[in-house]
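# Inside the fold
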Amino acid sequence: MKQRITTGVIAGIAFMILLYLGTYWFTGLIVVLSLIGFDEFLRMNGLKSYKLTALFGYIGTTMLTIPWNFGGLQLAGSMERLIWLFLFLLLCATVVSKNKVTIDHIAMMFIGMVYIGFGFHYMIETRMMDNGLFWTLLIFICIWATDSGAYFTGSAIGKHPLWPTISPKKSIEGAVGGTVISIIIAVCFSLAYPDRLSWQQAIWLGLMIAIVGQMGDLVQSAYKRVKGIKDTGAILPGHGGVLDRVDSWIIVFPMVHLLSLIPGA
């Protein structure tokens, strides 16, 4: 526990500093996290040995993570073009390798590239918006509040399993508690900055972040259960890998933009 707390405090402070600095600093951090996350994904699926296709995956994840208009530059067109380009390159690997790299390998690698690249992309995209620090902090704090609220509520009064075959320790009471805390946090942001977020919008935003975030957590739990592993990596002592820490992030941020839950998204 001591190691877990120490790692969490140090990593949290460093993360918040880079988030505050924004632009290149935060973008650099997120790109690094996306590459580590993709590397963990390859290892979990036994795909590290496919070096050339893995290289395409690393490059594709980076290109999807960085906003295409970053620094005023058009990196490679739209998301759709990038996705199609890297899908084509990965599919070509099945032909060039004479099926040593199979369609199953390509499918899994492509899923990882889009899943991780898209998720991290929208963190940068949110930070680069008008009042980006406000919106990014709001989303992150709601996610963290959901996790903490669910843990403490579940520990105190949790009796009914939420999804025992996927995550036996999670309870319905914990999920509800985490959702309530997320809504309260969002409303507090609204009260502090009513010109940016109405209380009605805050309730809806806090609710969706909590629901989608907890589903992202369950998705990762289901995946690890299939693979028979506890953690996706060991880069963060006491916390596991990058994907263990960002399972909610990489689902919530794209969903917030997809549903246009914040102005300009």
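Structure's up top.
Presented here is a report on the structure given in the accompanying data block.

Regarding its fold elements, the chain presents 10 helices and 2 strands. In sequence order, the chain lays out its α and β elements as α-α-α-α-α-α-β-β-α-α-α-α. Relative to a compact globule of 265 residues, whose C-alpha radius of gyration would be 18 Å, the chain shows 19 Å and is just as compact. With the C-alpha coordinates of the chain rotated into their principal frame, the extents come out at 60 × 45 × 30 Å. Here the chain holds 265 residues, and 45% of them are scored as buried. Long-range contacts, defined here as pairs at least 24 residues apart, represent 68% of the contacts in the chain between residues at least 6 apart. Just so you have it, the chain exposes about 13600 Å², and 69% of that area is on carbon and sulfur atoms. Computing the positive centroid from 18 side-chain charges and the negative centroid from 13, the chain places the two 9 Å apart.

Here we take up helix 7 (residues 172-192). For helix 7, which comprises 21 residues, the first-to-last C-alpha distance of 31 Å matches the rise-based estimate of 30 Å (1.5 Å per residue) to within 8%. Residues Glu173, Gly174, Ala175, Gly177, Gly178, Thr179, Ser182, Ala186, Phe189 and Ser190 constitute the buried set of helix 7. Residues of helix 7 that are buried in the fold lie against helix 6 (132-157), strand 1 (161-163), strand 2 (167-171) and helix 8 (199-227).

Another aspect to go through is the nonpolar core. The biggest cluster of nonpolar side chains holds 55 residues, and the ones touching the most others in it are Phe120, Met123 and Leu138. It is helix 5 (residues 103-127) that provides the largest number of residues to this core, a total of 9 residues. Aside from chain neighbours lying at most four places away, what touches Met123 is Phe26, Ile30, Phe140, Trp249, Ile250 and Phe253.

It is worth spelling out the pattern of salt bridges at this point. Side chains that differ in charge, positive against negative, can pair when their charged atoms come close. Taken as a whole and assessed by the stated rule, the structure comprises 3 salt bridges. Arg43 is the salt-bridge partner of Asp39, the closest N and O atoms lying 2.8 Å from each other. Of this pair, Asp39 and Arg43 both sit in helix 2 (residues 23-44), separated by 4 residues, roughly a single helical turn. Take Asp39: its relative accessible area is 17%, and that puts it in the buried class. With a relative accessible area of 55%, Arg43 lands in the exposed category. The partner of Asp217 in a salt bridge is Lys170, with the nearest N and O atoms 3.4 Å apart.

Looking now at the side chain of Gln214. Position of Gln214 among the secondary structure elements: in helix 8. If near-sequence neighbours (up to four positions away) are discounted, Gln214 is found in contact with Thr146, Ala150, Ala175 and Thr179.

Here we take up unusual backbone geometry. Within the chain, Asn131 stands out as a residue other than glycine whose phi angle is a positive 55 degrees. Tracing the backbone through its elements, the reader meets Asn131 in the loop between helix 5 and helix 6. Here Asn131 falls in the partly exposed class, since its relative accessible area comes to 39%. Backbone geometry places Ser260, a non-glycine residue, at a positive phi of 50 degrees.

Right, let's get into the packing of aromatic side chains. Under the definition given, this model contains 15 aromatic pairs. When the ring of Phe118 is compared with that of Tyr122, the centres are 6.1 Å apart and the planes differ by 55 degrees; the resulting orientation is tilted. With Phe118 and Tyr122 both in helix 5 and 4 residues apart, this pair spans about one turn of that helix. We classify Tyr122 as buried; its relative accessible area is 18%. The interplanar angle of 80 degrees and the centroid separation of 5.1 Å between the aromatic rings of Tyr151 and Phe152 together place this pair among those described as edge-to-face. With respect to burial, Tyr151 and Phe152 carry one shared label: exposed. Grouped by ring-pair contacts, the aromatic residues Phe15, Phe26, Phe140, Trp144, Trp249 and Phe253 constitute a single cluster. Lying over the aromatic face of Phe134, Arg196 brings its terminal NZ or CZ to 5.1 Å of the ring centre.

Once that is clear, we can look at the packing of helix 3 (residues 51-65) against helix 4 (residues 79-96). The geometry of helix 3 relative to helix 4 is characterised by a closest axis approach of 10 Å and an angle of 175 degrees between their N-to-C directions. The angle between helix 3 and helix 4 places the two elements in the roughly antiparallel class. Where helix 3 approaches helix 4, its residues Thr53, Phe56, Ile59, Gly60, Met63 and Leu64 are matched on the opposing element by Met79, Leu82, Ile83, Phe86, Leu89, Leu90 and Ala93. Classifying every residue of the contact of helix 3 with helix 4 by side-chain character gives 11 nonpolar, 2 polar and no charged.

Reading the values: rules and limits
Residues numbered from 1 in each chain as written. Predicted model: local features only at pLDDT ≥ 70, side-chain atom pairs only at ≥ 80, totals over all residues. Heavy atoms only, no water. Helix = DSSP H or I, 4+ residues; strand = E, 2+ residues; numbered from the N terminus. Rg over C-alpha atoms; globule rule 2.2 N^0.38 Å. Buried < 20%, exposed > 50% of the residue type's maximum accessible area, 1.4 Å probe, protein only. Contact = heavy atoms within 4.5 Å. Areas by Shrake-Rupley, 256 points an atom, 1.4 Å probe, with all protein chains shown as cover. Lys, Arg positive; Asp, Glu negative; His and termini not counted. Charge placed at Lys NZ, Arg CZ, Asp CG, Glu CD. Expected span 1.5 Å × (residues − 1). Core = buried A, V, L, I, M, F, W, Y, C linked by side-chain atoms within 4.5 Å. Salt bridge = Lys/Arg side-chain N within 4 Å of Asp/Glu carboxyl O. Phe/Tyr/Trp six-rings, centres within 6.5 Å; stacked < 30°, edge-to-face > 60°. Lys NZ or Arg CZ within 6 Å of the ring centre and 35° of its normal. Axes fitted to C-alpha atoms, helices over the stretch in contact; angles between N-to-C directions. Parallel < 35°, antiparallel > 145°, perpendicular 65-115°, else oblique. Nonpolar A, V, L, I, M, F, W, Y, C, P; charged D, E, K, R; others polar.

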